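Listed here are the chains, written in short residue letters.
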Amino acid sequence: MISLPTLARRPLLSAGAALLLAASALPALAQTKSVAVTAIVEHPALDAIRDGVKEELQAAGYEPGKNLKWEYQSAQGNTGTAAQIARKFIGDKPDVIVAIATPSAQAVVAATKTIPVVYSAVTDPVAAQLVKDWKPSGTNVTGVSDLLALDKQLDLIKRLVPNAQRVGMVYNPGEANSAVVVKQMKELLGKSGMTLVEASAPRSVDVGAAARTLVGKVDVIYTNTDNNVVSAYEALVKVGNDSRIPLVAADTDSVKRGAVAALGVDYRDLGRQTGRQVVRILKGEAPGSIASETSSKLELVLNAAAAAKQGVTLSPELRQSAKTVLE
């Protein structure tokens, strides 16, 4: 038993000091941040962005399960589900919401004006009405676009299929980024004396049937980063192989799946670029003070086996300019 004199000699903690002591015993809890990530659908490019974001957060010291609450949900290609996920995330009040691809970004941005939103893999964020322009938005929104210079895409098509006159595109007309690319590609081809032949695929299950309508009408098929098309790319590849129509993609991961070539961004790098914006916000920057970004790191990827199946000869010059040639 402790005697009263001993107790008297011990200083009593004030209520404030006791609270500070309790708080210092739980530093991890006090520093925990929450990041909620949603994508319109799961396919290699969008998955690579998600993984790149997580890698960048970990590089900055944010570890899931320690000082980071990480949640990911896919809308499985359904815009209604994307809206439900957006509402769920907003109710959870995370520190940042990362919205991957145009439909998911539109759903989140429409649902909150306060929680920081970082979009990724949105080709034209202005046309998608996420931001007014490419400058700092002054709102709760910033992000990273996968916008590509279409003149370079057309140059690649000409190098692969020099005599091409008719370029086919399978796309979802309801996806804003695809509608923008179709409009711009049509204008660009017209200046080169070429034509664009469109095939509509409102759902991923429509991709194969839409591609078959192009057989006999086009010399080459170009695919942008349309999420319906990329998620069902094998259906497009079957048509290209069966009909010997070369496939040229904007998504480098599609080359592994059967396209002849792609000149595009590395989506894992794009994810890490997106993650760097998220880290800036977690450390106190306002999203509205961060300008929307694009990536200037383009890489050419070729698939020699696909080229043989689709009737294309890869020139030595083209092979030498490629970062990767899949044999």
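Remember, it's a predicted structure, so these values are computed and weren't measured experimentally. (Residues numbered from 1 in each chain as written. Predicted model: local features only at pLDDT ≥ 70, side-chain atom pairs only at ≥ 80, totals over all residues. Heavy atoms only, no water.)

## So, the overall build of the protein
The line we're drawing: By the criteria applied, helices consist of DSSP H or I runs no shorter than four residues and strands consist of E runs no shorter than two, each listed in order from the N terminus. Summary of the burial criterion: residues with accessible area below 20% of their type's maximum are buried, those above 50% are exposed, and those between are partly exposed, where the area comes from a 1.4 Å probe applied to protein chains only. Residues counted as positive are Lys and Arg, residues counted as negative are Asp and Glu, and His and the chain ends are not counted. Where a charge sits is defined by one atom per residue type, namely NZ (Lys), CZ (Arg), CG (Asp) or CD (Glu).
For the protein, the count of helices and strands is 15 helices and 12 strands. Residues counted as buried form 51% of the 327 residues belonging to the protein. When the 36 basic and 31 acidic side-chain charges of the protein are each reduced to a single mean position, those positions are 4 Å apart.

## Let's talk about the environment of E42
Quick reminder of the rule: Whenever a nitrogen or oxygen atom comes within 3.5 Å of another N or O atom, the pair is scored as a polar contact, on the condition that within protein one atom can donate a hydrogen and the other can accept it, and that pairs from neighbouring residues in sequence are kept only if both atoms are in side chains.
With respect to the element layout, E42 can be found in the loop between β1 (33-39) and α4 (44-59). Counting along the chain gives 33 residues from E42 to A75, while the straight-line C-alpha distance between them is 8.4 Å. Reaching out from E42, the side chain makes a polar contact with the side chain of Q76 at a distance of 3.1 Å.

## A few points about the sheet that holds strand β7 (residues 195-200)
Our working rule: By the convention used here, strands pair only if DSSP detects at least 2 bridges between them. Whenever a helix is involved, its axis is fitted only over the stretch in contact; in every case the axis is a line through C-alpha atoms, and angles between N-to-C directions fall within 0 to 180 degrees. Contact criterion: two residues are considered in contact whenever any of their non-hydrogen atoms come within 4.5 Å of each other.
One open sheet holds the seven strands; their spatial order is β7-β6-β8-β9-β10-β11-β12, and the pairing between them is mixed. This sheet does not close on itself; its edge strands, each paired only once, are β7 and β12 (324-326). Strand after strand, the sheet turns through a mean of 20° between neighbouring axes, direction not considered. As judged from the two bridges shared by strand β6 (residues 166-171) and strand β8 (residues 220-223), these two strands associate in the parallel manner. Bridge pairing in β8 places G168 opposite I221. Relative to β7, helix α8 (residues 176-191) is tilted by about 155°, and along the sheet it contacts β6, β7 and β8.

## Looking at the pairing of strand β4 (residues 117-120)
This is how it is decided: If you view a crossover with the strands going away from you and the path from the first strand over the helix to the second runs clockwise, you call it right-handed.
Residues V117 and Y119 line one face of β4 and the alternating positions V118 and S120 line the opposite face, and both faces are buried. Bridging between strand β3 (residues 96-100) and β4 involves four bridges; their strand directions are parallel. Residue pairing across strands places V98 opposite V118, the latter belonging to β4. On the question of chirality, the crossover connecting β3 to the parallel β4 by way of helix α6 (residues 102-111) is right-handed. Across four bridges, β4 lies against strand β5 (residues 141-144) in parallel orientation. The residue bridging V118 from the neighbouring strand is T142, located in β5.

## Notes on the pattern of salt bridges
Quick reminder of the rule: A carboxyl oxygen of Asp or Glu within 4 Å of a side-chain nitrogen of Lys or Arg is what we treat as a salt bridge.
Applying the stated criterion across every chain yields a total of 20 salt bridges. Residues K256 and D253 are paired through a salt bridge, measuring 3.3 Å at the closest nitrogen-oxygen approach. With K256 and D253 both in helix α12 (residues 253-256) and three residues apart, the pair spans about one turn of that helix. When its relative accessible area of 61% is taken as the criterion, K256 is described as exposed. One salt bridge connects R280 with E285, and the closest N-O pair in it is separated by 3.0 Å. Classification of E285 as partly exposed rests on a relative accessible area of 34%. Through salt bridges that share partners, E42, D47, R50, D51, E55, E56, R268, R272 and R276 make up one connected network.

## A look at the packing of helix α7 (residues 150-160) against α8
Just so we agree on the cut-off: Oblique is the label for any angle not under 35 degrees, not over 145, and not in the 65 to 115 range, which are roughly parallel, roughly antiparallel and roughly perpendicular in turn. Here is the rule for handedness: rotate from the far helix to the near one, and if that takes an anticlockwise turn smaller than a right angle the crossing is left-handed, while a clockwise turn gives right-handed.
Contact geometry of α7 with α8 gives a least axis separation of 10 Å together with a crossing angle of 60°. As summarised for this structure, α7 and α8 are arranged oblique, according to the angle between their axes. In the packing of α7 onto α8, the handedness of the crossing is right-handed. Across from L150, D151 and L154 in α7, the residues of α8 making contact are V181, Q184, M185, L188 and L189.

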